[in-house]
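Structural overview
Spelled out, the chains give:
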Amino acid sequence: EYSDIDVYIITDKIRNSSDIDITNFFRAISPGKEIIQKGEHKDILLVHLPVEKTGVKVDVEFKTYDDINSIAEQFKENYSYAVNNHILLTKEMPERQMSFMHRIHNCICLHNNDALKEIKSKFPVSMLNYFLYRLNASDFADFLDITGAWRKDETERCVDLARENLIKQMLAYTCLMGNTDYKRKWLLTRMQQVGVDERLSKQFLTLFLRNKLMTDTNYIIETLR
């Protein structure tokens, strides 16, 4: 109910604060993530517009077609690397780009649906699913961290690492099933949306919510299992 409404304006060129009266907005943000002050002449990345008496904020972000082509090129390069390097994926992408790739496939088009279709085609869902899976799926380092904490008898830290790893692996699994959202905060919703098996879902929730009857040792082992 109180989630932000995220709006993208895809344009040929970024607007400048000298072209727009920024006093009409609650905030205007530059590409350098600075709040633009009245009288300054800076490019505008984002404007924030609170909706009065609702608790909701509308975020309007400007992107150029050149920006999108650049993101698409980086994405395809990183995907290709992931496909050809199965042991470890070290090529990540900025959070704002990851959000954009997810949102274009889960949005309402307000204008120019043909252009949106063309943009979507630059980020095929199957490629995005695999890339997100690889970003989240465990590499051996996660297991080593858990094992290291176990051997040092740092039980609380081991439990924490085990739970974080559990969450990470379920997020990776939902991505294989069609989820394009990299954000962990929507995990439970995404599990329902992609149709995670009921038995597996119940098993996950028991560990995610930490059944207090389970000993620390059993909990750690069950998350890994």
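Residues numbered from 1 in each chain as written. Predicted model: local features only at pLDDT ≥ 70, side-chain atom pairs only at ≥ 80, totals over all residues. Heavy atoms only, no water.

Considerations on unusual backbone geometry
Even without being glycine, K33 reaches a positive phi, approximately 65°. With respect to the element layout, K33 can be found in the loop between strand 2 (27–29) and strand 3 (46–51). Here K33 falls in the exposed class, since its relative accessible area comes to 54%. A positive phi angle, near 60°, is found at D153, a position not held by glycine. With respect to the helices and strands, the residue D153 is situated in the loop between helix 5 (140–151) and helix 6 (155–176). (Helix = DSSP H or I, 4+ residues; strand = E, 2+ residues; numbered from the N terminus. Buried < 20%, exposed > 50% of the residue type's maximum accessible area, 1.4 Å probe, protein only.)

So, the nonpolar core
Formed by 19 residues in total, the largest nonpolar core has its most connected members in F75, M93, F100, M101, F123 and F131. Those elements that place two or more of their residues in this core are helix 1 (65–84), helix 2 (95–104), helix 3 (113–121) and helix 4 (125–136). Among the elements that take part in this core, helix 1 stands out by supplying five residues, more than any other. Leaving out residues up to four positions away in the same chain, F75 has contacts with M93, M101, K122, F123, P124, M127, L128 and F131. If you look at the next biggest cluster of nonpolar residues, it comprises 18 residues, including M191, F204, L207 and M214. (Core = buried A, V, L, I, M, F, W, Y, C linked by side-chain atoms within 4.5 Å. Contact = heavy atoms within 4.5 Å.)

Remarks on the sheet that holds strand 4 (residues 56–64)
Within the open sheet, the four strands sit side by side as 1-4-3-2. Their pairing is mixed. Edge positions in the sheet fall to strand 1 (5–11) and strand 2, since each of these pairs with one other strand and no more. Averaged over all pairs of adjacent strands, the angle between strand axes in this sheet comes to 20°, irrespective of strand direction. Judged from the six bridges that link them, strand 3 and strand 4 form a sheet pairing that is antiparallel. (Pairing = 2+ DSSP bridges. Axes fitted to C-alpha atoms, helices over the stretch in contact; angles between N-to-C directions.)

Describing the packing of aromatic side chains
All chains considered together, the criterion is met by eight aromatic pairs. For the pair Y79 and Y130, a centre-to-centre distance of 6.0 Å together with 85° between the ring planes defines the contact as edge-to-face. In this pair, Y79 is assigned in helix 1 and Y130 in helix 4, connecting sequence segments 51 residues apart. Y130 sits in the partly exposed class, given a relative accessible area of 22%. (Phe/Tyr/Trp six-rings, centres within 6.5 Å; stacked < 30°, edge-to-face > 60°.)

A short note on a nonpolar patch on the surface
Taken together, the side chains of F140, F143, L144 and L224 make up a nonpolar region of the molecular surface, amounting to roughly 400 Å² of accessible area. Looking at the element boundaries, F140 is found in helix 5. The exposure class assigned to F140 is exposed, which follows from its relative accessible area of 58%. (Patch = residues over 30% accessible without salt bridge, like charges linked within 9 Å, V, L, I, M, F, W, Y side chains within 5 Å. Areas by Shrake-Rupley, 256 points an atom, 1.4 Å probe, with all protein chains shown as cover. Salt bridge = Lys/Arg side-chain N within 4 Å of Asp/Glu carboxyl O.)

Description of the side chain of N165
With respect to the element layout, N165 can be found in helix 6. Of the residues examined, N165 reaches a relative accessible area of 11% and is grouped as buried. Ignoring sequence-local partners within four residues, the contact set of N165 consists of S138, D142, I146 and L224.

Focus: the layout of surface pockets
Empty space within the largest pocket amounts to approximately 1200 Å³. Taken together, 38 residues line the largest pocket, and the ones lying closest to its centre are D6, V7, Y8, R103 and C107. Every element with two or more residues in the lining of the largest pocket is listed here: strand 1, strand 4, helix 2, helix 3 and helix 7 (187–194). Counting residues per element, the lining of the largest pocket draws most heavily on helix 2, which supplies seven residues. Tallied by class, residues from the lining of the largest pocket come to 19 nonpolar, eight polar and 11 charged. Space inside the second largest pocket adds up to approximately 350 Å³. Every residue lining the second largest pocket is counted, 16 residues in all, and those nearest its centre are L166, Q169, L200, T223 and R225. (1 Å grid on protein atoms, 1.4 Å probe; cavity = no way out; pocket = protein on both sides within 12 Å on 5 of 7 lines; lining within 4 Å. Points joined across faces, edges and corners; volume = space filled by probe spheres on them. Nonpolar A, V, L, I, M, F, W, Y, C, P; charged D, E, K, R; others polar.)

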